[in-house]
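Structural overview
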Amino acid sequence: MSARIVILTGAGISAESGLGTFRDEGGIWSQYDLAEVATPEGFAADPALVHTFYNARRKNAAEAIPNAAHAALARLEAERPGEVLIVTQNIDDLHERAGSRTVLHMHGTLRAATCAACGHGWDAPPVMHAEDACPGCGAPATRPDIVWFGEFPYHMDDIWEALRGAEVFVSIGTSGSVYPAAAFVQDAARAGALTLELNLEPSETRSYFTEARHGKASEIVPAWVD
Ligand code: BJW
């Protein structure tokens, strides 16, 4: 996959749409134990708890509305067809609902379900339960199609190929604390790309970027695009 501009987004781009970030004060990981809700071991131990967590997040995401930052990225792609790739760590669909077409969800999506027994995939209903049978093999092993800690993120070959060919790499609304996404800036820089961080505050990986602008995504992303 190739694109002149590769854009990595994280929870911060959806914060002003009302979806919580993970590591900010009062964030998701201050309310939930990530080992219980975002690991395969946590799911095996208490699938009902994990479904309750993601059912609530699916409902919040469905009610959220894309903000000016999502809209600006959709505009950028419309103005430069074929040149823009969004790689998102987010499991919401706000990029798509803002009009972005080329989006890779490296940590999965709330819109999909998968079977922990056979790997069959299907569209997630609004509410999922641990005892729901998989439409493929019939096992009561349905799970949200989300990449948890210790699992291999999706689309990695396409992402690494795009990073190798990118002229510009932009990271928006991510703390830079989860790998492999946190290393993308170094991958892109090694390939010769200009690198730009757009975030509320300097991220963990700030020192690897050639340029940074700090502020709310709804302000700094449109300012960069326009
Ligand atoms: C605003 C704003 C506004 C706020 N405007 N900005 C030791 C060392 C290195 C790595 C490891 C290690 N031990 C284990 C690992 C690997 C592990 C990892 O990285 N752990 C770290 C904690 C150290 N990673 C994995 O296990 C991954 N898989 C993997 O590595 O496979 C092997 C592999 C190796 C090599 C290559 C390829 C593969 C899988 C990671 C799965 C992450 N899953 C989660 C949960 C599931 C999805 C979900 O439920 O939503 O994904 S964790 C959570 O963190 C979620 C996010 O996508 C992810 C990143 O968070 P994000 O988006 O950065 O959010 P925050 O809250 O951290 O930051 C928000 C930022 O926005 C802040 O900076 C704010 O300032 C800013 N902000 N408001 C602009 N209005």
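Calculation notes
Residues numbered from 1 in each chain as written. Predicted model: local features only at pLDDT ≥ 70, side-chain atom pairs only at ≥ 80, totals over all residues. Heavy atoms only, no water. Helix = DSSP H or I, 4+ residues; strand = E, 2+ residues; numbered from the N terminus. Rg over C-alpha atoms; globule rule 2.2 N^0.38 Å. Buried < 20%, exposed > 50% of the residue type's maximum accessible area, 1.4 Å probe, protein only. Contact = heavy atoms within 4.5 Å. Areas by Shrake-Rupley, 256 points an atom, 1.4 Å probe, with all protein chains shown as cover. Lys, Arg positive; Asp, Glu negative; His and termini not counted. Charge placed at Lys NZ, Arg CZ, Asp CG, Glu CD. Domains from an automatic or database assignment. Buried area = accessible area lost by both parts, 1.4 Å probe. Salt bridge = Lys/Arg side-chain N within 4 Å of Asp/Glu carboxyl O. Polar contact = N/O pair within 3.5 Å; in protein donor to acceptor, adjacent residues only side chain to side chain. Nonpolar A, V, L, I, M, F, W, Y, C, P; charged D, E, K, R; others polar. Core = buried A, V, L, I, M, F, W, Y, C linked by side-chain atoms within 4.5 Å. Arc of directions from axis to C-beta.

A count of helices and strands for the protein chain gives 9 helices and 9 strands. Taken over C-alpha atoms, the radius of gyration comes to 17 Å for the protein chain, in line with the 17 Å a tight globule of 226 residues would show. C-alpha atoms of the protein chain, sized along the principal axes, occupy 50 × 35 × 30 Å. Counting only residues that meet the buried cut, the protein chain has 50% of its 226 residues in that class. When contacts within the protein chain are restricted to residue pairs at least 6 apart in sequence, those whose partners lie at least 24 apart make up 63%. Carbon together with sulfur atoms contributes 52% to the accessible area of the protein chain, which is approximately 10,500 Å² in total. Across the protein chain, 16 positive and 30 negative side-chain charges occur, with their mean positions spaced 5 Å apart.

Attention now moves to the environment of Tyr32. Looking at where Tyr32 falls in the secondary structure, it is placed in the loop between helix 1 (28–31) and helix 2 (34–37). A C-alpha to C-alpha distance of 10 Å links Tyr32 and Val50, two positions 18 residues apart in sequence. Excluding residues within four positions of it along the chain, Tyr32 makes contact with Val37 and Phe53.

On domain assignment, one finds that the protein chain holds domain 1 (1–19 + 66–107 + 153–226) and domain 2 (24–63 + 108–146). Listed by partner, the interface residues are 13 residues for domain 1 and 12 residues for domain 2. Summed over both sides, the interface of domain 1 with domain 2 buries roughly 890 Å², with 50% coming from carbon and sulfur. Joining domain 1 to domain 2, the criterion identifies 1 salt bridge. Salt-bridge contacts for Arg111 lead to Asp93; the nearest nitrogen and oxygen are separated by 3.3 Å. In this structure, the connection of domain 1 to domain 2 is made through 5 residue pairs in polar contact (both at pLDDT 80 or more). Top contributing element to the side of domain 1 that touches domain 2 by residue count: helix 6 (residues 94–98), with 3 residues. Here the side of domain 1 that touches domain 2 is composed, by residue class, of 5 nonpolar, 3 polar and 5 charged.

This paragraph deals with the nonpolar core. The biggest cluster of nonpolar side chains holds 20 residues, and the ones touching the most others in it are Ile7, Leu73, Val170, Ile172, Leu198, Val221 and Trp224. Of all elements in the fold, only strand 1 (5–9), helix 5 (68–79), strand 2 (84–88), strand 7 (168–172), strand 8 (194–199) and helix 9 (217–225) reach the threshold of two or more residues within this core. Among the elements that line this core, the one with the most residues is helix 9, at 5 residues. Excluding residues within four positions of it along the chain, Val170 makes contact with Val6, Ile7, Leu8, Leu196, Leu198 and Trp224.

Right, let's get into helix 7 (residues 156–165). The set of residues buried in helix 7 consists of Met156, Ile159, Ala162 and Leu163. Each buried residue of helix 7 lies within a common arc of 130 degrees when the element is viewed along its axis, so the set occupies one face. What points out from helix 7, more than 90 degrees from its buried face, is the exposed set Asp157 and Arg164. For helix 7, the secondary structure elements touched by its buried residues are strand 1, strand 2, strand 3 (103–105), strand 7 and helix 8 (184–190).

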